[in-house]
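Examination of the molecular architecture
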Amino acid sequence: MNYDTSEYRRSNGAVTAGAISAWQQGATGKGVKLAVIDSGINPALAEFSGRIGSASRDVAGNRALGDEDGHGTAVTATAAAARNDAQNIGVAFDATILSFRADQPGSCTDPAGDGCEFYDSAIAQGIDAARLAGARVINMSLGGSSPGSQLMSAMQRAVNAGIILVISAGNDGEDPAKGGNSDPFALVPAQTFPGQVIIAGSVGADDGAGGTNLNQLSTFSNRAGQGQNWYLAALGYRVRTIDHTGAGYLYSGTSFSAPVISGAVALVAQAFPNLTSAQIVDLLFRTADDLGSAGDDTVYGQGRLNITRAFQPVGTTSLAGTEVAVTNENTSSDMPEAGGDGGQEGLGAIILDGYSRAFAIDLAKGLKSAETRKPLARALSGIVRSSAVEGGPLSIAMTVAQRQGMPGMFDVARFGIGPDDARQSRLVAGSAIARLDSKTKAALGFSEGAKAIERKLTGAQAGAFLVARDISGDPGFNARRGMSMAMRRDLGFAGITVAMEQGRVWQEVRTSATNAPYRWSSVSLDRRFGGSNWVSLGLGRLDEKQTLLGGRMGALFGSGGSSSLFLDLEARHDFGSGLTATLAGRRGWTDFSSGKFATAAYSLDLTKSGVFGTDDRAGFRLSQPLRIERGGIGMMLPTGYDYATESETNSFSRLSFAPSGREIDAELSYSAIIGKGWIGGNLFIRREPGHVASADSDMGAAIRYSLGF
């Protein structure tokens, strides 16, 4: 429902207090009885139609319900005028109005008098009538001397019944003798019934530019003084409301800040029926905007009313019915890269705050999509040199990269990097392969994945692509490879390879998952047949102690890591004349503490050797990187709450991690040996990179010239 209407914008009392936040959450005052003890009300006005309680009456005489002065009507309209696109909206526009006319008969119209007069006896009768009628809050925009014993006794009965009293602070702010303290009519009850009475001061002053300064106490408003512990300010300067004729009018005085606060009490009481009166008062004080000196002070007391903050969780929050804390920290999560733009549907749950108030929240708001990879920039970072040396049954391969800003030459000394060069370079990858016997080979790798050294054992090398990934060797996230090893045994009819690697999650933009360890282990069977065909079937397991395919879930979702099982199938056919085609597919199943999901990746490679000569090679790869196809979070969560029984309703809730986007990579590569080095060129395009449907396509090209050493 749209509450942001022209009528609302005219209603500065409601606007400045932030009432629209409560309305949007369904709190309009409906079902709450708001009593006003004042000069009466014009019951014929459309602003109050159908909402004036039957207990409303004249408590100072035998007159009909009416208003000769307009003050009572204006106050009531500030608190509870209807939402009808006519004049102004009251803060609690659906509340039931209890109007008690307490002005001394004839005083409001006496030309020789100072205006309406109110006596303790009539006010006391109004309080008792409001109590008996079931009022939740009583507004008294009145002032004067300290209440007598009769009136104090009526107030005592009201607060004992759980009624909140809102009383104006007074309009003697410019009187040096009176303005420094709250009016006695409000101060004495607040001191006598702490936590049940709110003294209403006024903020609002001319800002010099035709507007209103809400950070300034109104010049006419009494300050908090001795009542600072119970003093709350709201707009009381030029408040837009109506008089007893129904005409729009701008009123000033703490008489009009009080009904703004009374309306706020009604909204809170409706929305959170579990709260006691003392809790409602404490909540409004605790969520008020601090003005003046830090903390409570003798000018602004508790500060300025802020309904928006009052309708947000306050204090420690937890899942309803549990002691599981819900904080930004333990719901903040980094999605796995394979999830792309998934996790957007929302994961609703009910939480309770420090006042045991129920709030519906979306636990998925803390999920952050993974940063999209920039594979070309990483592939080309630094100057890379490679070398390989063979000696009998042992071969060693090494790749080093110069550190940025440290130029120098690279040498191989005893198949290693010299001490001077080590300071200028970093080892990118290295491997050693040894033939143990005629049917067994083993390999050790450093900064090289298990799949890469497995390929060296089987002879099934991947193409020279910079961007389109080798899906069988990619765990689904950027990885900083550690140690790896593999052993292959020729069984005659096929070869079996066992491999493992250890490493850490690596990310260009650091997250909570960066540097988290992982471990990969796999076993695969490969076989050649027909002379031109080769097939490999592998089963791999990825264990992550802290992460979820390179992402990381907050503690609420179980941040204890995950395990993934992958089935890999790769088939290659040699067409002859140097042309080879390779199909690869991966299916994965991942389990973590709060759910599970399935993943998939596919690729097609075409390579041709000897395109223009004997020493060149061209390739094409079309691939889909690892992507979550179905599944995600599945948890039993509180999704409903009943204040009457103070119990939650639990249901099994799901949040899909499957993205709407699907990255497809296409890449052309060409390389040729020139002199003592080789030159390579790559052309690529990535559609919906990172599996994000709204992402622009990524395309580019690279040319490299590399020298051996």
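Just so it is clear, the structure is predicted and the values come from calculations on it, not from any experiment.

With that settled, the discussion passes to the UniProt feature "domain: Peptidase S8/S53" (unreviewed entry) in the chain. Summarizing the sequence annotation, UniProt attributes the feature "domain: Peptidase S8/S53" (unreviewed entry) to residues 29-303 in the numbering used throughout. Helix and strand shares over residues 29-303 are 26% and 19% respectively, and the end C-alpha atoms of the span are 23 Å apart.

What follows covers the nonpolar core. Within the largest apolar cluster, 113 residues are counted, with the highest numbers of intra-cluster contacts made by W23, I198, L305, I307 and F657. No other element matches the ten residues that helix 8 (residues 254-271) contributes to this core. Lining this core are residues from two domains, each supplying at least three of them: domain 1 (6-311) and domain 2 (445-630 + 656-706). Apart from the residues within four sequence positions on either side, L305 is in contact with A17, L232, A233, A234, V260, I261, A264, L284 and D289. Residues V59, V159, W230 and Y231 belong to the second largest nonpolar core, which totals 42 residues.

Below, the discussion takes up the layout of surface pockets. The computed volume of the second largest pocket comes to approximately 470 Å³. As for the second largest pocket, its lining consists of 24 residues, and the residues nearest its centre are C116, F118, S141, L142 and G143. Among the secondary structure elements, those contributing two or more residues to the lining of the second largest pocket are helix 5 (120-132) and helix 8. When residues in the lining of the second largest pocket are grouped by element, the largest group, three residues, is from helix 8. When the residues that make up the lining of the second largest pocket are grouped by side-chain class, the tally is seven nonpolar, twelve polar and five charged.

The next thing to look at is the sheet that holds strand 14 (residues 358-362). Ordered in space as 11-13-14, the three strands form an open sheet in which the pairing is antiparallel. The sheet is open, and its two edges are formed by strand 11 (318-319) and strand 14, each paired on a single side. One ladder, built from two bridges, connects strand 11 with strand 13 (residues 348-352); its direction is antiparallel. Paired with L319 across the bridge in strand 13 is I351.

By the criterion of burial, helix 4 (residues 71-80) is predominantly enclosed, with ten of the ten residues buried. For helix 4, the complete set of buried residues consists of H71, G72, T73, A74, V75, T76, A77, T78, A79 and A80. In this fold, the buried residues of helix 4 make contact with strand 1 (33-38), strand 3 (96-101), strand 4 (137-140), strand 9 (239-242), strand 10 (248-251) and helix 8.

Further remarks concern the environment of A169. Counting through the fold element by element, A169 comes out in the loop between strand 5 (164-168) and helix 7 (184-192). Distance in space between the C-alpha atoms of A169 and G201 is 5.1 Å, their sequence separation being 32 residues. When near neighbours in sequence (up to four residues on either side) are disregarded, A169 contacts S182, D183, I199, A200, G201, N222, Y231 and T254.

For the coordinates displayed, the defined rule picks out one disulfide. Between the sulfur atoms of C108 and its disulfide mate C116 the distance is 1.9 Å. The disulfide joining C108 to C116 has a torsion of about 125° about its S-S bond and is therefore right-handed. Exposure remark for C108: the relative accessible area of 15% places this residue in the buried category. For C116, a relative accessible area of 23% corresponds to the partly exposed category.

The N-to-C vectors of helix 5 and helix 6 (residues 149-160) enclose an angle of 15°; their axes lie 8 Å apart at closest approach. For the element pair helix 5 / helix 6, the angle class is roughly parallel. Every pair of crossing elements has a handedness; the one defined by helix 5 and helix 6 is left-handed. Of helix 6, the residues touching helix 5 (which contributes D120, S121, I123, A124, I127, D128 and R131) are Q150, L151, A154, M155, R157 and A158.

Cut-offs used in this document
Residues numbered from 1 in each chain as written. Predicted model: local features only at pLDDT ≥ 70, side-chain atom pairs only at ≥ 80, totals over all residues. Heavy atoms only, no water. UniProt positions renumbered as here; feature names shortened; annotations may be inferred. Helix = DSSP H or I, 4+ residues; strand = E, 2+ residues; numbered from the N terminus. Core = buried A, V, L, I, M, F, W, Y, C linked by side-chain atoms within 4.5 Å. Buried < 20%, exposed > 50% of the residue type's maximum accessible area, 1.4 Å probe, protein only. Domains from an automatic or database assignment. Contact = heavy atoms within 4.5 Å. 1 Å grid on protein atoms, 1.4 Å probe; cavity = no way out; pocket = protein on both sides within 12 Å on 5 of 7 lines; lining within 4 Å. Points joined across faces, edges and corners; volume = space filled by probe spheres on them. Nonpolar A, V, L, I, M, F, W, Y, C, P; charged D, E, K, R; others polar. Pairing = 2+ DSSP bridges. Disulfide = S-S within 2.5 Å. Axes fitted to C-alpha atoms, helices over the stretch in contact; angles between N-to-C directions. Parallel < 35°, antiparallel > 145°, perpendicular 65-115°, else oblique. Left-handed = near helix turned anticlockwise from the far one by under 90°.

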